[in-house]
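A look at the structure
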Amino acid sequence: MLAIVVALKLTSPGPVLYRQERMGVDGRRFRMLKFRTMRVDAEAQTGPVWATPDDPRRTWLGAFLRRWSLDELPQLLNVLRGEMSLVGPDRSGRASSRSSGAACRGTCSGTR
C-alpha cells in the first residue's frame, strides 16, 4: 500500500484517499476509504455520478488501480474498525442506501 501512496503523490496532486459516506447495518453511517483514482475536480461540475470503464475523469494510475481492484485496499481499515466485513454484497453510496435501506436493514451482510 505504501508504494501506491507514493505513486499517487508523485503522479497527481491532491489527496491520496477518497472518502465516501456509506451506510452500515441499522443506518449507521461511516466513511469508506479508497485510493483516489480520478482527478481532484472529477465531481465539481456533475456531482457524484457512476464511473464508466473508460471514464475520462480517471488518472492513468487510477485506471491501473481499478483494473486490479487495488483502489479498494484502504477498505481493510474499514474492516479493522468494524464498519465493513470482507464478504457480502457491495452496497453503493447514499442513493442506494435510501432506496434499499428499509428492505435491507438488519439483513445485509456487506457492512457491519
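For the structure given in this document, a descriptive report is provided here.

Scoring rules and cut-offs
- Numbering of residues begins from 1 in every chain and follows the order in which that chain's sequence is written.
- Confidence filtering applies because this is a predicted model: local features only for residues at pLDDT of at least 70, side-chain atom pairs given and counted only at 80 or more, and all residues used for totals across whole chains, interfaces and linings.
- Note that water and hydrogens are dropped before the side-chain values are worked out from all heavy atoms of the structure.
- Pairing of aromatic rings covers Phe, Tyr and Trp, the last counted by its six-membered ring, and requires centre-to-centre distances within 6.5 Å; plane angles under 30 degrees mean stacked, over 60 mean edge-to-face, and any other angle means tilted.
- Placement of a positive charge over a ring is assigned whenever Lys NZ or Arg CZ falls within 6 Å of the ring centre and within 35 degrees of the normal to the ring plane.
- Classification of residues uses two cut-offs on accessible area relative to the type maximum, computed with a 1.4 Å probe and protein chains only: under 20% is buried, over 50% is exposed, and between them is partly exposed.
- Here a strand is any run of E in DSSP of at least two residues, a helix any run of H or I of at least four, and the numbering for each starts at the N terminus.
- Strands were regarded as paired on the criterion that DSSP finds at least two bridges between them.
- Just to be clear on terms, a salt bridge is a Lys or Arg side-chain nitrogen sitting within 4 Å of an Asp or Glu carboxyl oxygen.

Before going further, it helps to spend a moment on the packing of aromatic side chains. For the structure on display, the rule yields zero aromatic pairs. Geometry around W68 places R67 over its ring, the cationic atom sitting 5.1 Å from the centre.

It is worth spelling out the pairing of strand 2 (residues 29–35) at this point. On a regular strand, one side chain projects to one face of the sheet and the next to the other, so that they alternate. Counting buried positions along strand 2 gives five out of seven residues, so the element sits mostly inside the fold. Note that strand 1 (residues 17–23) and strand 2 share seven bridges and pair antiparallel. Within strand 2, the residue paired with R22 across the bridge is F30.

Within the structure shown, the criterion is met by five salt bridges. Here R57 ties to D55 by a salt bridge, and the two come within 2.7 Å at their closest N and O atoms. Taking the relative accessible area as the measure of exposure, R57 reaches 10% and is therefore buried.

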